[in-house]
Amino acid sequence: MALSGKTAVVTGAAMGIGKAITEILLKNGAKVALLDKNKAAGESVVEALSKEYEPDRMLFRECNIKSDEEFKAAFQKAVETFGGIDILCNNAGMFDESEWENMVSTNLVGSIRGTYLALEHMNKSKGGQGGVIINVSSLAGLGPLLTGPVYSATKHGLVGFTRSISHRLAAIISTSDYGIRANAICPGFVQTNLISEIKSQTGQFAHLVDVAECILELVTDETKNGEALVVVKDSKFYVTFPTLDKSSDKP
Ligand SMILES: NC(=O)C1=CN([C@@H]2O[C@H](COP(=O)(O)OP(=O)(O)OC[C@H]3O[C@@H](n4cnc5c(N)ncnc54)[C@H](O)[C@@H]3O)[C@@H](O)[C@H]2O)C=CC1
Ligand SMILES: CCCCCC(=O)CC\C=C/C=C/C=C/[C@@H](O)[C@@H](O)CCCC(=O)O
């Protein structure tokens, strides 16, 4: 997918990984609807980016992805402003095990909500233009995270949901081509506000630009559907998942 003229919706775009995703999409010619619950930070980012990119290629919309109403309105605003939606990056997320129900509502339910909204808008069989959905999971979505059992559950859930949706989209292509791909990205530690608010952190950190470049790869490479791409310091790799042997329930 060439990005020039394409429209992306990025959640959690006001800082961190979401801001880095927004910048690399703008740099590669896309228009971006930045969504975030943090209005002040979101407006500040758009003001700063408008100095480097054409202001009519971006918009900020305050949106809490836990709200169906706010998320639907934000999608509608993006469609009205830019004419359609080609890319969704479900990036918004949090880490707070003391707020575990809120974390599930944000990290998992919020991203599922965004995915289903995108399927409606992108679906070629319903007048859409097709597109690609990137769900930001985590390395903790592929293995246990001692310090974050519920966080890890939300990110495992997101990998499972993304793989299931993408396999479904691939399976129905012969009957009703949605023209939509879905992939997960699984970063290791990245120095952002989310991490800086967590005290006991160890481990090596990937760079924001590395994560953004991996997301760009998943967006532009139309052969990628149902993938989980790991990106850690100085390394990236596509996860190979066990396939169930149809004749038995053994992987
Ligand atoms: N920083 C890291 O080490 C890693 C982060 N991730 C994931 O990357 C994504 C982004 O994380 P960071 O950039 O590190 O976090 P961050 O805290 O720096 O930025 C997150 C952004 O999302 C927004 N947000 C949070 N909840 C929201 C909601 N309910 N509705 C709308 N916006 C909301 C925040 O206002 C903030 O602007 C998250 O899904 C996180 O789980 C994954 C692996 C590693
Ligand atoms: C502690 C809060 C972190 C919140 C932000 C993140 O998501 C950071 C994720 C970084 C590290 C997670 C590490 C998990 C490691 C193990 O589960 C390991 O088993 C993962 C193996 C993945 C693989 O190699 O396929």
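Residues numbered from 1 in each chain as written. Chains lettered and ligands numbered in written order. Predicted model: local features only at pLDDT ≥ 70, side-chain atom pairs only at ≥ 80, totals over all residues. Heavy atoms only, no water.

Draft legend 1. Here's a closer look at the site of ligand 2. Phe95, Ser138, Gly143, Pro144 and Tyr151 are the nearest of the 17 residues found near ligand 2. A distance of 2.6 Å separates an oxygen atom of ligand 2 from a polar side-chain atom of Ser138. Contact distances for ligand 2 include 2.6 Å between an oxygen atom and a side-chain N or O atom of Tyr151. One can see that ligand 2 is located within the largest pocket. Looking at side-chain class alone, the shell around ligand 2 contains 12 nonpolar, 5 polar and no charged residues. (Near = heavy atom within 4 Å. Polar contact = N/O pair within 3.5 Å; in protein donor to acceptor, adjacent residues only side chain to side chain. 1 Å grid on protein atoms, 1.4 Å probe; cavity = no way out; pocket = protein on both sides within 12 Å on 5 of 7 lines; lining within 4 Å. Sits in = over half its atoms within 2 Å of the grid points. Nonpolar A, V, L, I, M, F, W, Y, C, P; charged D, E, K, R; others polar.)

Draft legend 2. The arrangement of the site of ligand 1 in detail. Taken together, 28 residues surround ligand 1, and among them Asp36, Asn91, Tyr151, Val190 and Thr192 come closest. At 2.9 Å, a side-chain N or O of Asn64 approaches a nitrogen atom of ligand 1. A total of 830 Å² of accessible area belongs to ligand 1 in isolation, and the protein chains cover 95% of it. Given that more than half its atoms are within 2 Å of the pocket grid, ligand 1 belongs to the largest pocket. A per-element tally of the shell around ligand 1 places helix α6 (residues 193-196) first, with 3 residues. Taken together, the residues of the shell around ligand 1 break down into 13 nonpolar, 12 polar and 3 charged. (Areas by Shrake-Rupley, 256 points an atom, 1.4 Å probe, with all protein chains shown as cover. Helix = DSSP H or I, 4+ residues; strand = E, 2+ residues; numbered from the N terminus.)

Draft legend 3. Structural context of the nonpolar core. In terms of nonpolar packing, the biggest core is built from 37 residues, with Leu25, Leu34, Ile185 and Ile215 touching the most fellow members. Sorting elements by how many residues they give to this core places helix α7 (residues 208-220) first, with 7 residues. Excluding residues that lie within four positions of it along the chain, Ile185 makes contacts with Ile134, Asn135, Val136, Ser137, Ser138, Val211, Cys214, Ile215, Leu218, Leu229 and Val231. Within the second largest apolar cluster, 24 residues are counted, among which are Leu59, Ile65, Phe82 and Ala92. (Core = buried A, V, L, I, M, F, W, Y, C linked by side-chain atoms within 4.5 Å. Buried < 20%, exposed > 50% of the residue type's maximum accessible area, 1.4 Å probe, protein only. Contact = heavy atoms within 4.5 Å.)

Draft legend 4. Just the environment of Ser111, in detail. When you line up the elements, Ser111 lands in helix α4 (residues 100-122). A relative accessible area of 1% places Ser111 in the buried class. Linking Ser111 and Ile172, residues 61 residues apart in sequence, is a C-alpha distance of 22 Å. Apart from the residues lying within four places of it in its own chain, the contact partners of Ser111 are Ile65, Asn90, Thr106, Asn135 and Leu158.

Draft legend 5. Here's a closer look at the pattern of salt bridges. Counted under the stated rule, the structure contains 8 salt bridges. For Lys39, the salt bridge identified is with Glu43, shortest N-O distance 3.0 Å. Of this pair, Lys39 and Glu43 are both found in helix α2 (residues 39-49), 4 residues apart, which corresponds to roughly one turn of the helix. Lys39 gets classed as partly exposed once you look at its relative accessible area, which sits at 40%. We note a salt bridge from Glu120 to Lys126, for which the minimum N-O separation is 3.2 Å. With relative accessibility at 47%, the residue Glu120 sits in the partly exposed group. Among the charged side chains, a network of salt bridges with common partners joins Asp68, Lys72 and Arg113. (Salt bridge = Lys/Arg side-chain N within 4 Å of Asp/Glu carboxyl O.)

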